[in-house]
Amino acid sequence: MNLLVTGGAGFIGSNYCRHVLQHHPEDSISVLDALTYAGSLSTIRDMETDPRFRFHQGRIEDPKIVDRIIQEDKIDAIVNFAAETHNDRSLIDAGDFLTSNVIGVHVLLVATRRHKLQRMLHVSTDEVYGSISSGEFTEESPLMPNTPYSASKAAGDLQCRAHFVSFGTPVIVTRGGNTYGPYQYPEKLISFFCARLMDNKKVPVYGEGSQVREWIHVMDHASGIDTALRMGSPGQVYNVGDSNERRNMEVVEILLDELGKSRELIKHIPDPREGAHDTRYSMSADKLQGLGWKPSKTFEESLRDTVRWYVDNERWWRPITQRLEYQTFVKSFYGPGLGEDL
Ligand code: TYD
């Protein structure tokens, strides 16, 4: 298949490209990426010389570039990773989230239909279900998003459903858990904390750190998406989860131990998400496992591998943390003292 991977210069998208190049020698990949703050050519450098890999810069909301790539690169299917993804940023200003996560998805759905593509796979998140105090979400659970970010993702998911029902567009939605691993922009819990701890800077734990997240390694997430793309049925939703539920503090303590850092680097701060902070995420991935997918390693093994990757790949993340945009966000969100008096 010739795949159009939108958002392929970002975290999960680039790792999905690695998965495809390694496991499907007959496939080719055309990446379309806007190279916003979270996407970078340094994230796809290792694939640039592969003749099966092409890069195009542009936005998914631009139907002209989407149409041109589909025609010129003879695309069979779209896999959409392009999205604004950081909850904390969505609390400051959600405008870009609506553009990418809703309008962008609409443009890709229209293109899938117009060009009669075999498939579109839309990558979403378990956060569209909202928080669950006990039990687990299934694909049938109602969508109850609590942040501007998760509400924008839910809106994209509903566009997919509507295009399947209205036009028979062959679209599949996956909803993944909290994802970690190589090439994650250092603003999410694990990547942000690895980068700070390596510089012996304090790490800001929101409140008591008692929230529970269901974690999945990015290569397991990538293989789950790929299974849904190739084995799933149009119009269906598949949860991609690994049942690794951990409290935030448990994750932070593993990071500290792995990096050999003192507990004194933990700084509990008043929760900046307040009412929007989901207490627990948990979902069943039985439906995807029914297609033959299963995750590869344990959470502790994969988390240790991830910490080693950040230690070994400072060349990748250090330039990001030195950018003005990055430092401005960190200072404005956490206060100017972050790093000095945190
Ligand atoms: P995050 O990695 O931003 O993912 P999500 O919001 O999609 O769950 O956050 C994971 C958890 O870690 C969440 O409960 C918020 C918490 N957190 C902190 O305590 N400190 C931080 O600096 C960040 C970024 C997150």
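Note that the structure is a prediction, hence the values are computed from the model and not measured. (Residues numbered from 1 in each chain as written. Predicted model: local features only at pLDDT ≥ 70, side-chain atom pairs only at ≥ 80, totals over all residues. Heavy atoms only, no water.)

*Asks:* Any chance you could explain the pattern of salt bridges here in plain terms?
*Replies:* A complete count under the given rule lists 20 salt bridges for this structure. Two residues, Glu325 and Arg89, come together in a salt bridge whose shortest N-O distance is 2.8 Å. Of this pair, Glu325 sits in helix α12 (residues 324–334) while Arg89 sits in helix α3 (residues 87–92), and the two are 236 residues apart along the sequence. Residue Glu325 is classed as partly exposed on the basis of its relative accessible area of 35%. On the basis of relative accessibility, which here comes to 11%, the residue Arg89 falls in the buried class. Each of Asp27, Asp226 and Arg230 takes part in a single network of salt bridges with overlapping partners. (Salt bridge = Lys/Arg side-chain N within 4 Å of Asp/Glu carboxyl O. Helix = DSSP H or I, 4+ residues; strand = E, 2+ residues; numbered from the N terminus. Buried < 20%, exposed > 50% of the residue type's maximum accessible area, 1.4 Å probe, protein only.)

*Asks:* Explain the environment of Gly95 here, please?
*Replies:* The topology assignment puts Gly95 in helix α4 (residues 95–114). Residues Gly95 and Pro148, 53 residues apart in the sequence, show an inter-C-alpha distance of 9.3 Å.

*Asks:* What is the right way to read the packing of helix α2 (residues 63–72) against α4 from this model?
*Replies:* Axis angle and axis distance: for two packed helices, these are the angle between their axes and the distance between the axes, and together they describe the pair. Interaxial distance between α2 and α4 falls to 10 Å at its minimum, and their mutual angle equals 35°. The element α2 and its partner α4 pack so that their crossing is right-handed. Of the residues in α4, those touching α2 at Pro63, Val66, Asp67 and Ile70 are Val107, Leu108, Ala111 and Arg114. Among the residues forming the contact of α2 with α4, the class breakdown is six nonpolar, no polar and two charged. (Axes fitted to C-alpha atoms, helices over the stretch in contact; angles between N-to-C directions. Left-handed = near helix turned anticlockwise from the far one by under 90°. Contact = heavy atoms within 4.5 Å. Nonpolar A, V, L, I, M, F, W, Y, C, P; charged D, E, K, R; others polar.)

*Asks:* For this particular structure, what's the right way to read the pairing of strand β10 (residues 237–240)?
*Replies:* If a strand is regular, its side chains alternate between the two faces of the sheet. In β10, alternate side chains face the same way, and those of Val237 and Asn239 on one face and Tyr238 and Val240 on the other are all buried. Alignment of strand β6 (residues 171–176) against β10, held across four bridges, turns out to be parallel. Within β10, the position partnered with Val173 by the bridge is Val237. (Pairing = 2+ DSSP bridges.)

*Asks:* Teacher, can you tell me more about the packing of aromatic side chains here?
*Replies:* Each aromatic ring pair is specified by the distance between its two centres and by the angle formed by the two planes. For the structure on display, the rule yields 16 aromatic pairs. Note on Tyr129 and Phe137: the rings are 5.0 Å apart at their centroids and 25° apart in plane angle, and the pair reads as stacked. Note on accessibility: Tyr129 and Phe137 belong to one class, buried. Their ring planes at 80° and their centres at 5.0 Å tell us that Trp309 and Tyr310 sit as a pair that is edge-to-face. Taking NZ or CZ as reference, Arg89 lies 4.2 Å from the ring centre of Phe329, over its face. We note Arg113 situated over the ring of Phe167; from NZ or CZ to the ring centre the distance is 3.7 Å. (Phe/Tyr/Trp six-rings, centres within 6.5 Å; stacked < 30°, edge-to-face > 60°. Lys NZ or Arg CZ within 6 Å of the ring centre and 35° of its normal.)

*Asks:* I would appreciate a short explanation of the site of the ligand in the present structure.
*Replies:* Residues in close proximity to the ligand total 19 residues, the closest being Glu127, Pro204, Arg213, Arg273 and His277. Taking Tyr206, its main chain carries an N or O atom lying 2.9 Å from an oxygen atom of the ligand. At 2.9 Å from an oxygen atom of the ligand is found a side-chain nitrogen or oxygen belonging to Tyr334. Considering the ligand on its own, with 510 Å² of exposed area, one finds that the protein chains cover 97% of that surface. Broken down by secondary-structure element, the contributors of at least two residues to the shell around the ligand are α6 (189–198) and β8 (203–206). Of the residues contributing to the shell around the ligand, the split by class is eight nonpolar, six polar and five charged. (Near = heavy atom within 4 Å. Polar contact = N/O pair within 3.5 Å; in protein donor to acceptor, adjacent residues only side chain to side chain. Areas by Shrake-Rupley, 256 points an atom, 1.4 Å probe, with all protein chains shown as cover.)

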